[in-house]
Amino acid sequence: MNADESQQDRDSTSPREDVRRELEQTKKFVGELSMDDLRQGTWFPKLLTFSLHKYETQVNAEYFRRKYPNLPPDAVAQERIKMAARYASIAGGLNATAYTGAIVATIGSHGGASPLTLPAAAASFTVDLVYTSQLQLRLAYDLSVLYGVPLDLDDPDDLWKLIRVAFVVKTGEVGTDVLVKGVPVVLRPLVKKVFSGATLATLKGLPGVGKYLLQRNIIKMAIPGVGVPLAAGVNFWTTKVAGKYAKNSFRREARIMEEAGRITSRTRLHPELLWVLWLVVHSDTASSTGQVSLLHHVTLRVNDSAEVREALEQLRAVIEVDADHVWAMLAAADGDLEPLYAAALTAAVVDGNVRDKQLRVLELVADRCDVDHRAEAVQEAAQRWQ
């Protein structure tokens, strides 16, 4: 079933009927797995093909323009998150028989490469695991499309980006308290536990993701006597948390892409712009993904002059930036240098804070560009990116 047909069905049936139908498709997928697939995590690469192979060709910007013709991206994103959380909640209620400690022993002891001929509870657990994982993958992909962040799922880097965003995999455990804001108090410890330990170091290849998601789903059984209401609640809030994280991630990248366009349109001094940006980003070895992303999108938007091509060639080869070379370029530049300082300021604050080393370089750029540099203005700019 393609995305348009699925949406037409959803328009004509109730959410509960939709989920029941989709769970039947999920059960067919689960029925082709072996116990080793589940325990070793190899079910996850198979899920990627099952969930995304056709989906990515059918869900595009035009699809969302037809579905939500008059809504801005933020409003559509909220609707997709609410819908995915609602469907996850319904699936959790329908599969609530899965949440029993007996499943742990079943998963640990059942043999080999035989198909998943499991007791009803364990089979329901597996269907719930696969279904909610698919929901979160597709939700994250929806949000990437909505915010105009292109993903080529044949590109390993883009695929990993989608996986990290879909399952709240962070390079460091920061912001968990923010992520669970709004989650009911009774569920906060569980939701925090579900999303803790999700570091890239734990995910060594796609089967590693499968093992991680299996363990994360088993955490639901840490609460004795989980019934239908709590099972539905856990699925609802974990999907909503993942959706909020995906929205924030892709929305931030979309803002960076927009800002890159503004930066390049404000000045004709593109070779100088590239060197000033790299000087700021390179000044601190702890430069962030956001700063590198800004530089990357600027390089895609600069003009195609011989001077720019030469600058790009030099940037690709340079290890240590020669600040004196950059200052000499600014001294020889003909035109308004204020946009170069404004670009440097954005690069310094794009992640919502300013590192000391980059602040010092920013002060030097202001001096060479003959513009005022105020610490208050820098902090205000940083707050706009928080």
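Before reading further, recall that the structure is shown in the block above.
Calculation rules
- For every chain, the first residue of its written sequence is number 1, and the numbers climb from 1 along that sequence.
- Owing to the predicted nature of the model, reporting of local features is limited to residues with pLDDT of at least 70; listing and counting of side-chain atom pairs is limited to 80 or more, with chain, interface and lining totals taken over all residues.
- Hydrogens and waters are ignored; side-chain quantities use all the structure's heavy atoms.
- Helix and strand assignments come from DSSP, with helices taken as H or I runs of at least 4 residues and strands as E runs of at least 2, each series counted from the N terminus.
- Relative accessibility thresholds used throughout: buried, under 20% of the residue-type maximum; exposed, over 50%; partly exposed, between the two (1.4 Å probe, protein chains only).
- By definition in these notes, contact holds between two residues if any of their heavy atoms fall within 4.5 Å.
- Reported accessibility uses the Shrake-Rupley method at a 1.4 Å probe radius. Residues are deemed covered only where the shown protein chains occlude them.
- Helices are assigned an expected span. That span is 1.5 Å times one less than the residue count.
- When two rings of Phe, Tyr or Trp (its six-membered ring) have centres within 6.5 Å they constitute a pair, described as stacked for plane angles under 30 degrees, edge-to-face for angles over 60, and tilted for the intermediate range.
- The working definition used for a salt bridge is a side-chain nitrogen of Lys or Arg within 4 Å of a carboxyl oxygen of Asp or Glu.
- The nonpolar core is taken to be a set of buried Ala, Val, Leu, Ile, Met, Phe, Trp, Tyr and Cys residues, with the residues joined through side-chain atoms within 4.5 Å.
- The directions considered for the arc run from the helix axis to the C-beta atoms.

A.B. asks: I would appreciate a short explanation of the overall build of the protein chain in the present structure.
C.D. replies: Per the secondary structure count, the protein chain includes 21 helices and 0 strands. Counting the 386 residues in the protein chain, one finds 49% classified as buried. For the protein chain, the share of sequence-separated contacts (at least 6 apart) that also reach a separation of at least 24 residues comes to 81%. As displayed, the protein chain offers around 18200 Å² of accessible surface, 52% of which is attributable to carbon and sulfur atoms.

A.B. asks: Explanation requested: helix α19 (residues 338-349) in the structure shown.
C.D. replies: The end-to-end C-alpha distance of α19 is 17 Å, a good match for the 16 Å that 12 residues give at a rise of 1.5 Å each. Taken across its 12 residues, α19 has 10 buried, putting it largely inside the fold. Inspection of α19 places P339, L340, Y341, A343, A344, L345, T346, A347, A348 and V349 among the buried residues, and these make up the whole buried set.

A.B. asks: Got a minute to help me understand the packing of aromatic side chains in this structure?
C.D. replies: We describe a pair of aromatic rings using the distance from one ring centre to the other and the angle between the two ring planes. Per the counting criterion, the structure on display carries 6 aromatic pairs. Between W43 and F44, the aromatic rings sit 5.8 Å apart at their centres with planes inclined by 85°, giving edge-to-face as the arrangement. Each member of the pair, W43 as well as F44, is classed as buried. Aromatic side chains F44 and F167 sit 5.9 Å apart centroid to centroid with 70° between the ring planes, which places their arrangement in the edge-to-face category. With a gap of 123 residues between them, F44 in helix α4 (residues 43-52) and F167 in the loop between α10 (156-166) and α11 (176-179) connect regions that are remote in the sequence.

A.B. asks: I'm lost on the pattern of salt bridges in this one. Help?
C.D. replies: Any two side chains of opposite charge can pair, on the condition that their charged atoms come close. One pass over the structure, following the stated rule, counts 14 salt bridges. The closest approach of N and O atoms between R80 and D142, which form a salt bridge, is 3.1 Å. In this pair, R80 sits in helix α7 (residues 73-94) while D142 sits in helix α9 (residues 120-146), placing the two residues 62 residues apart along the sequence. Residues R80 and D142 agree in their burial class; the two are buried. K161 serves as the salt-bridge partner of E253, at 3.2 Å between the closest nitrogen and oxygen. Of the two residues, E253 sits in helix α14 (residues 228-265) while K161 sits in helix α10, which places them 92 residues apart along the sequence. One salt-bridge network, in which partners are shared between bridges, spans E258, E259, R262 and R266.

A.B. asks: How should the side chain of T238 be read in this particular structure?
C.D. replies: Considering the arrangement of structural elements, one finds T238 in helix α14. Exposure remark for T238: the relative accessible area of 6% places this residue in the buried category.

A.B. asks: Please clarify how the nonpolar core should be interpreted in this entry.
C.D. replies: It is characteristic of soluble globular proteins that their nonpolar side chains tend to be buried jointly. Membership of the largest hydrophobic core comes to 58 residues, with the highest contact counts inside it found for W43, F44 and L137. A total of 13 residues in this core trace back to one element, the largest contributor, which is α9. Apart from the residues lying within four places of it in its own chain, the contact partners of W43 are F29, L33, D37, L38, L129, V130, S133, G210 and L213. With 46 residues, the next largest nonpolar core counts V276, L330, L340 and C369 among its residues.

A.B. asks: How do you make sense of helix α2 (residues 15-31) when you look at a structure like this?
C.D. replies: In an α-helix, one turn spans 3.6 residues; hence positions three or four apart end up facing the same way. Taking 1.5 Å per residue as the helical rise, α2 with its 17 residues ought to reach 24 Å, and the 24 Å between its terminal C-alpha atoms agrees with that figure. Turning to α2, its buried residues are D18, V19, E22, L23, T26, F29 and V30. Along the axis of α2, the buried positions cluster into a sector of 130°, meaning they face one direction only.

A.B. asks: Even after reading the chapter, I still don't get the environment of A246, so can you show me in this structure?
C.D. replies: With respect to the helices and strands, A246 occurs in helix α14. What makes A246 buried here is its relative accessible area of 1%. In this structure, the C-alpha to C-alpha distance between A246 and D142, residues 104 residues apart in sequence, is 9.7 Å. The residues touching A246, leaving out its near neighbours within four places in the chain, are A140, L143 and V165.

A.B. asks: How should the environment of S89 be read in this particular structure?
C.D. replies: Structurally, the position occupied by S89 is in helix α7. Taking C-alpha positions, S89 is 8.7 Å from T239, a pair spaced 150 residues apart along the chain. Apart from residues no more than four positions distant in its own chain, S89 is found in contact with A232, N235 and F236.

A.B. asks: In this structure, what is going on with the environment of V30? I would like to understand it.
C.D. replies: Looking at the element boundaries, V30 is found in helix α2. Given the relative accessible area of 6%, V30 is considered buried. Sequence separation of V30 and L47 is 17 residues, and the distance between their C-alpha atoms is 9.5 Å.

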